[in-house]
Amino acid sequence: MKNFALIGASGYIAPRHMKAIKDTNNNLVAALDKFDSVGIIDSYFPNADFFVEFERFDRHLDKLKRSGDKVDYVSICSPNYLHDSHMRFGLRHNADVICEKPIVLNPWNIDALQEIEKETGRKIYNVLQLRLHPSIIALKEKIDNGPKDMMYDIDLTYLTSRGNWYYTSWKGDIEKSGGIATNIGVHFYDMLTWIFGGPKNNTVHIHTHDRASGYLELEKARVRWFLSINYDVIPENIKAEGKRTFRSITVDGKEIEFSTGFTDLHTETYNDILSGKGFGLEDTKTAIQLVHDIRHASPIGLKGDYHPMAKLPLADHPFK
C-alpha cells in the first residue's frame, strides 16, 4: 500500500483521483486546498488529514517522512498555472508525482522539471487518459498498421458548456489556465499527435473567450478543430437530450465512437503508473508546445480550410 498526498481537493477532477487511489488499494494520508468544501473526502478517505494552508501541509509531509511513514506519491489537481510549482514540491519531498493536464503552460518548464527529476531521482507522470481509451487505442493500432504514406482528414469538435462562473474563476484567466485550447483541448491534441505524428503546420482561425478553432497539419493527418465552452453552439439534437457536452472525432468522414468508457480511465492511469508504466514528461512535450503556439498565434480569420463551426456568430463576453 502506497501513501498519497493530494494537492487540489475541492475541484471537479479531484474525486476521480480519490477514487483511483482507493480502487488501487492505496491510502490518501493528506490533502491540501485553500477551499474547505471537501466533504467528498469522506466517501473515500475519512481519516486523511486536510489542510487549507500550504505551510502546514508542507510541515505535515515532512513529519511523516521523518517518522518513517513518508508520502510515496503526490497527486496534483490544482489550477493549471500552479502545476509547475506543486510538482517541484512533490519531487523535493522525495515523492513521485501524478499531475493533471496540462502538465505545465510553457514548454520550457518541462526542461527544468526534467532537471529536478534527475536531481531527486523521482519521476513525474501526466494524466493522459485518452491514450488508455479502448477506442483510441484501436484507432492508433489501425493507423500504425495502415499505409505509411497515408494522409487522413480529421474533424475534431469538442463542446463543453460552462456557465458564467467560469469567467470569474481562474479558468477564465488565460494567464492562469492557458485559455480555451489549453484548458479543454490539450488532451485531444496529445491524442492526435500520439496517433498521427507531430505538427508540420499550425494555423489558428479564431481564438476568443469562449471558443477556438484552427487547422493543424500532422505527419499523417489534416485536422480541422473547433473547441467551445458556449452552450449556444451545441447542436439542437444534443440539447434536446438534456446534454451540455458534445465531442466528435471523424476520420475520413467516419465517426470514431468514444463517447463512453471515460468513467474509470483515471483508475486505469493509476494502475498503469503503479505497475511501472505511465506517461512521463517527455510524452507531454509535443502537446504542450502545440497549445503554447496556439495561445500565442495571431488568428487569421475564416481563411483556408477551417472547421464548419468556425462560421458560427461570435458571442459577447458575459461581463463586458
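On a predicted model such as this, the values are computed, not experimentally measured, just so you know.

Let's shift gears to the overall build of the chain. Tallying secondary structure elements over the chain gives 11 helices and 13 strands in all. For a compact globule of 320 residues, the expected C-alpha radius of gyration is about 20 Å, and the chain comes in at 20 Å, within 12% of that figure. Dimensions along the principal axes, computed over C-alpha positions, put the chain at roughly 60 × 50 × 35 Å. Sequence-distant contacts in the chain: of pairs separated by 6 or more residues, those separated by 24 or more amount to 70%. Looking at the chain as shown, the accessible area adds up to about 14900 Å², and 48% of this sits on carbon and sulfur atoms. Once the 40 positive and 43 negative side-chain charges of the chain are each reduced to a mean point, those two points are 0 Å apart.

Quick look at the layout of surface pockets now. By volume, the largest pocket amounts to about 1300 Å³. Forming the boundary of the largest pocket are 43 residues, of which Tyr12, Ile13, Cys77, Trp170 and Lys171 lie nearest the centre. Mapped by element, the contributors of at least two residues to the lining of the largest pocket are helix 3 (83-92), strand 7 (152-160), helix 6 (165-168), helix 8 (179-196) and strand 11 (245-251). Residue contributions to the lining of the largest pocket peak at 4 residues, all from helix 8. In the lining of the largest pocket, the residues fall into 20 nonpolar, 14 polar and 9 charged.

For the rest of this paragraph, the subject is the UniProt feature "domain: Gfo/Idh/MocA-like oxidoreductase N-terminal" (unreviewed entry) in the chain. Here, the residues flagged by UniProt with the feature "domain: Gfo/Idh/MocA-like oxidoreductase N-terminal" (unreviewed entry) are residues 3-124. The distance from the first to the last C-alpha atom of residues 3-124 is 16 Å, and the span holds 39% helix and 19% strand.

Turning our eyes to something else, we now look at helix 3. Of all 10 residues that make up helix 3, 7 are buried, and the element is covered over most of its length. Listing the buried residues of helix 3 in full gives His83, Asp84, His86, Met87, Phe89, Gly90 and Leu91. Where helix 3 is buried, its residues contact strand 1 (3-7), helix 2 (54-66), strand 4 (73-76), strand 5 (96-99), helix 4 (107-120) and strand 6 (124-126). Immediately downstream of helix 3, the backbone of Asn94 shows phi near 60°, a positive value.

Parameters at a glance
- Residues numbered from 1 in each chain as written.
- Predicted model: local features only at pLDDT ≥ 70, side-chain atom pairs only at ≥ 80, totals over all residues.
- Heavy atoms only, no water.
- Helix = DSSP H or I, 4+ residues; strand = E, 2+ residues; numbered from the N terminus.
- Rg over C-alpha atoms; globule rule 2.2 N^0.38 Å.
- Contact = heavy atoms within 4.5 Å.
- Areas by Shrake-Rupley, 256 points an atom, 1.4 Å probe, with all protein chains shown as cover.
- Lys, Arg positive; Asp, Glu negative; His and termini not counted.
- Charge placed at Lys NZ, Arg CZ, Asp CG, Glu CD.
- 1 Å grid on protein atoms, 1.4 Å probe; cavity = no way out; pocket = protein on both sides within 12 Å on 5 of 7 lines; lining within 4 Å.
- Points joined across faces, edges and corners; volume = space filled by probe spheres on them.
- Nonpolar A, V, L, I, M, F, W, Y, C, P; charged D, E, K, R; others polar.
- UniProt positions renumbered as here; feature names shortened; annotations may be inferred.
- Buried < 20%, exposed > 50% of the residue type's maximum accessible area, 1.4 Å probe, protein only.

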